[in-house]
Amino acid sequence: MTTETATLAGGCFWGMQDLIRKMDGVISTRVGYTGGDVENATYKNHGTHAEGIEVVYNPEKISYRRLLEFFFQIHDPTTENRQGNDRGMSYRSAIYYADEAQKAVALDTIADVNASGLWPDRVVTELEPLGAFWEAEPEHQDYLERIPNGYTCHFTRPDWVLPKRTAAE
């Protein structure tokens, strides 16, 4: 089986991991810190890193585009450095692309989200090349599986769904 990896940041990593891991075609997830300036980032020392999630998936079952569409549905990509009550650079919206193909899909998806008029404002999601990903401490991995009523600001928004694309698109 071929696998690919997506690296995303959209606020507190607990809620993103809990929702994305349930998607058909997602093989594994881990939370951590990415997109910043600190080597060996930790919860107590992550500098300008965002709380992120690394998603390993089977591209024969789920596309990178579909992952991004769901990502834009479960967090608010129109708020800068904020998700729900969480504020600061750690909680920014960002896509960290591994190659030019991922970058192109991300640009196309962002353009479609902006053009749809479904979201409350224009997307502020950062689009950056993938750098180091520092795995978060064990107590942050699988948090909402271990603590089902734990904190999250992520949920699916039924009105934030892009129309299905035709085969010609």
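Whatever comes next refers back to the structure up there.
All figures in this text were calculated on a predicted structure; none of them were measured in a lab. (Residues numbered from 1 in each chain as written. Predicted model: local features only at pLDDT ≥ 70, side-chain atom pairs only at ≥ 80, totals over all residues. Heavy atoms only, no water.)

## With respect to the overall build of the chain
Then step 1. Scanning the chain from N- to C-terminus turns up 4 helices and 8 strands.
Then step 2. A compact globule built from 169 residues would reach a C-alpha radius of gyration of about 15 Å, and the chain, at 15 Å, matches this within 12%.
Then step 3. Considered along the principal axes of its C-alpha atoms, the chain spans approximately 50 × 40 × 30 Å.
Then step 4. Relative to its full complement of 169 residues, the chain shows a buried share of 51%.
Then step 5. Approximately 8600 Å² of the chain is accessible, and the part contributed by carbon and sulfur atoms is 49%.
Then step 6. With 16 positive and 26 negative side-chain charges, the chain shows a separation of 4 Å between the mean positions of the two kinds. (Helix = DSSP H or I, 4+ residues; strand = E, 2+ residues; numbered from the N terminus. Rg over C-alpha atoms; globule rule 2.2 N^0.38 Å. Buried < 20%, exposed > 50% of the residue type's maximum accessible area, 1.4 Å probe, protein only. Areas by Shrake-Rupley, 256 points an atom, 1.4 Å probe, with all protein chains shown as cover. Lys, Arg positive; Asp, Glu negative; His and termini not counted. Charge placed at Lys NZ, Arg CZ, Asp CG, Glu CD.)

## Description of the nonpolar core
Generally speaking, soluble globular proteins have nonpolar side chains that are buried together.
Then step 1. Formed by 28 residues in total, the largest nonpolar core has its most connected members in L8, M16, I20, V55, L67, F72 and I95.
Then step 2. Those elements giving two or more residues to this core turn out to be strand 1 (4-10), helix 1 (13-20), strand 3 (50-57), helix 2 (64-74), strand 6 (93-97) and helix 3 (100-116).
Then step 3. Ranked by residues supplied to this core, first place goes to helix 2 with 7 residues.
Then step 4. M16 has contacts with L8, A9, G10, G11, I53, F71, I74 and H154, leaving out every residue within four places of it along the chain. (Core = buried A, V, L, I, M, F, W, Y, C linked by side-chain atoms within 4.5 Å. Contact = heavy atoms within 4.5 Å.)

## A word on the packing of helix 2 against helix 3
Helix packing for two helices is described by the angle between their axes and how far apart those axes are.
Then step 1. The contact between helix 2 and helix 3 brings their axes to 10 Å, and the two run at 40°. When the interaxial angle is binned, helix 2 and helix 3 end up oblique. Viewed along their axes, helix 2 and helix 3 form a crossing whose handedness is right-handed. On helix 3, the residues touching Y64, R65, L68, E69 and F72 of helix 2 are Q102, V105, A106, D108, T109, I110, D112 and V113.
Then step 2. Broken down by class, the residue content of the contact of helix 2 with helix 3 amounts to 7 nonpolar, 2 polar and 4 charged. (Axes fitted to C-alpha atoms, helices over the stretch in contact; angles between N-to-C directions. Parallel < 35°, antiparallel > 145°, perpendicular 65-115°, else oblique. Left-handed = near helix turned anticlockwise from the far one by under 90°. Nonpolar A, V, L, I, M, F, W, Y, C, P; charged D, E, K, R; others polar.)

## Some thoughts on the pattern of salt bridges
Then step 1. Taken as a whole, this structure holds 9 salt bridges when the rule is applied.
Then step 2. Note that D18 is salt-bridged to K22, the shortest N-O span being 3.5 Å.
Then step 3. For D18, a relative accessible area of 16% puts it in the buried group.
Then step 4. Among the ionic pairs, R65 bridges to E69, the shortest N-O distance being 2.6 Å. With R65 and E69 both in helix 2 and 4 residues apart, the pair spans about one turn of that helix.
Then step 5. Judged by its relative accessible area of 18%, E69 falls in the buried class.
Then step 6. Via salt bridges that share partners, R65, E69, D108 and D112 belong to a single interconnected network. (Salt bridge = Lys/Arg side-chain N within 4 Å of Asp/Glu carboxyl O.)

Scope: geometric values only; no functional claims are made or implied.
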